[in-house]
Amino acid sequence: MKRNWILLAVLILFVVLFTGCTQNVDRVQIMFPNQSEQIAVGQELKLIPSIYGGSGTLVFESDDEEIVTVSGDVVTGVALGSANITVYFEEDPNVSDIVEIIVADLAGTSMVINANSNVLVKNETLQLTALIIPSYASQEVTWSSSNVDVATISETGLVTGVSEGSVVMTAVSTIDTTLTASYTIQVNNYATATNITITNTETELFVGHDLQMTCTILPANASPTPIWAVGVIGDTGTATITELGVLSGLTAGTVTVLAKDPYNQTIRGTYNITVKYDDPESVAITAGTFLKKIGQTVQLTATVAPATANQNVTWTSSDTAIATVSAAGLVTLVSYGDVTITATSVEDSLITATYAIEDIPEATGLTVTYTGTYPMENGGTLQLVSTMAFAAGVETSGIDQTVTWSSSNTAAATVDPTTGLVTRVNVYFDVIITATSNAYPSITGTFRLQPLSWQ
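Residues numbered from 1 in each chain as written. Predicted model: local features only at pLDDT ≥ 70, side-chain atom pairs only at ≥ 80, totals over all residues. Heavy atoms only, no water.

Visitor: Sorry if this is basic, but what is going on with the pairing of strand S36 (residues 381-390) here?
Guide: In the case of a regular strand, side chains alternate between the two sheet surfaces. As defined by bridge partners, strand S35 (residues 363-371) adjoins S36 across eight bridges and the pair is classed as antiparallel. In the sheet register, Tyr370 faces S36, and the bridge partner there is Leu384. Examined bridge by bridge, S36 and strand S39 (residues 421-424) share three bridges and lie antiparallel to one another. Each residue of the ladder has a partner; that of Gln383, found in S39, is Leu421. (Pairing = 2+ DSSP bridges. Helix = DSSP H or I, 4+ residues; strand = E, 2+ residues; numbered from the N terminus.)

Shown next, in the form of structure tokens:
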């Protein structure tokens, strides 16, 4: 019987010892590596305490959920301040430790500024947002404008356009003033257009006449004054247009008119118009000066009236054996005789003008030679002789072939105007003797007496 009681006592002791070893809570310690941790608002931190002498289910609690919240073993900063986090065994709350979590403003590593546009209309607003990285760092910044006459900015980053121009907005971290970011904004007097429609209904415009172009521009706060332009690849006519949209026709054909937004010229309205000439009423021909001599040329110019008519004409010669005429009105005298040049309007073949060239001389040139001995002393004489050249087939027997002689320097030599006898006055002077046809004054020939030193 005594032996049974002994066995029962041993069994009870074993149970007690076994149960105590399983819980171990009376000898367990929980310790945080640091007695305080610092985090930022929004930042999470996993708490990993050290456990000595046992194990069990850990419970974490915050004494101020408005400062720090806890979920499992992860704490999150909610607001600036501090809160104590207590950790204990669920089996024995007396085994515990406390860590202080300080929620503070933390400096970031970089900053960017975000906005939905970099263009702002005068008197309108644009919200800028500064994002400091990492996101749990302090997001507090101070804002400044590089030119408050162009745009201002509020403490919250709200930009207000003041006048047209470019301005730079800068955000500076309040925790670390070396951490900054900038954002450039273009302030315009008007919004960028979304649609431009030219509203004219006319489809034709005459050369030399004007047409006021008009358009509608959306939205209502877009610039009411577009940039007017004219002409694109493929146009066959030409025109000009003023800043105020007054279109003037220059040459006939199709012309494209453009109205472009001054802030984004890819936003535009287009309009096609046909430019036409007025009907021609008359043609007049003017001629430049020229020598009436075979081989010479003369430029003819045709002017069509009215000035707003097509000025283009076609040129023809009544006898191309006597004179030819180019498409540009350049006449070339080919042979002697009379010829008529005609200019005809390309718009109306009944509108013409003529220019007559009469008495083209038969002579084509004149040469001067001498006979006798070349005079080498003052007072010496030299007989000059003129010879006329004529077009092929010309009967020369009835043509006056006499000439009139003249000296370019009578101090060097004189010449008899009728006979061509030259008398040297100073053999050291240079002189040119000219023979001019009496029948054809435009035809001349020359002879040069060189100074003695040239011999």
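Visitor: Looking at this model, I keep getting lost on the packing of aromatic side chains. Mind explaining?
Guide: For any pair of aromatic rings, geometry is given as the distance between the ring centres together with the angle between the planes. A full pass over the atoms with the stated rule returns two aromatic pairs. Centre to centre, the rings of Tyr370 and Tyr374 are 5.8 Å apart; their planes meet at 70 degrees, and the pair counts as edge-to-face. On the basis of relative accessibility, which here comes to 18%, the residue Tyr374 falls in the buried class. For the ring pair Tyr370 and Phe447, a centre distance of 5.5 Å and an interplane angle of 65 degrees mean the geometry is edge-to-face. Of this pair, Tyr370 sits in strand S35 while Phe447 sits in strand S41 (residues 444-449), and the two are 77 residues apart along the sequence. The class for Tyr370 is partly exposed, based on a relative accessible area of 36%. Residue class for Phe447 comes out buried when judged on its relative accessible area of 12%. Members of the aromatic cluster, joined through ring pairs, are Tyr370, Tyr374 and Phe447. (Phe/Tyr/Trp six-rings, centres within 6.5 Å; stacked < 30°, edge-to-face > 60°. Buried < 20%, exposed > 50% of the residue type's maximum accessible area, 1.4 Å probe, protein only.)

Visitor: What exactly am I supposed to notice about unusual backbone geometry here?
Guide: Keep in mind that most residues, glycine aside, have a negative phi and that most peptide bonds are trans. Cis rather than trans, the peptide bond between Leu218 and Pro219 has omega equal to 0 degrees. Here the residue pair Ala305 and Pro306 is connected by a cis peptide bond, since its omega of 0 degrees sits within 30 degrees of zero. Relative to the helices and strands, Pro306 is located in the loop between strand S29 (297-305) and strand S30 (313-317). Backbone geometry at Asn123 places phi at a positive 75 degrees, although glycine is not the residue there. Mapped onto the fold, Asn123 is located in the loop between strand S11 (119-121) and strand S12 (125-127).

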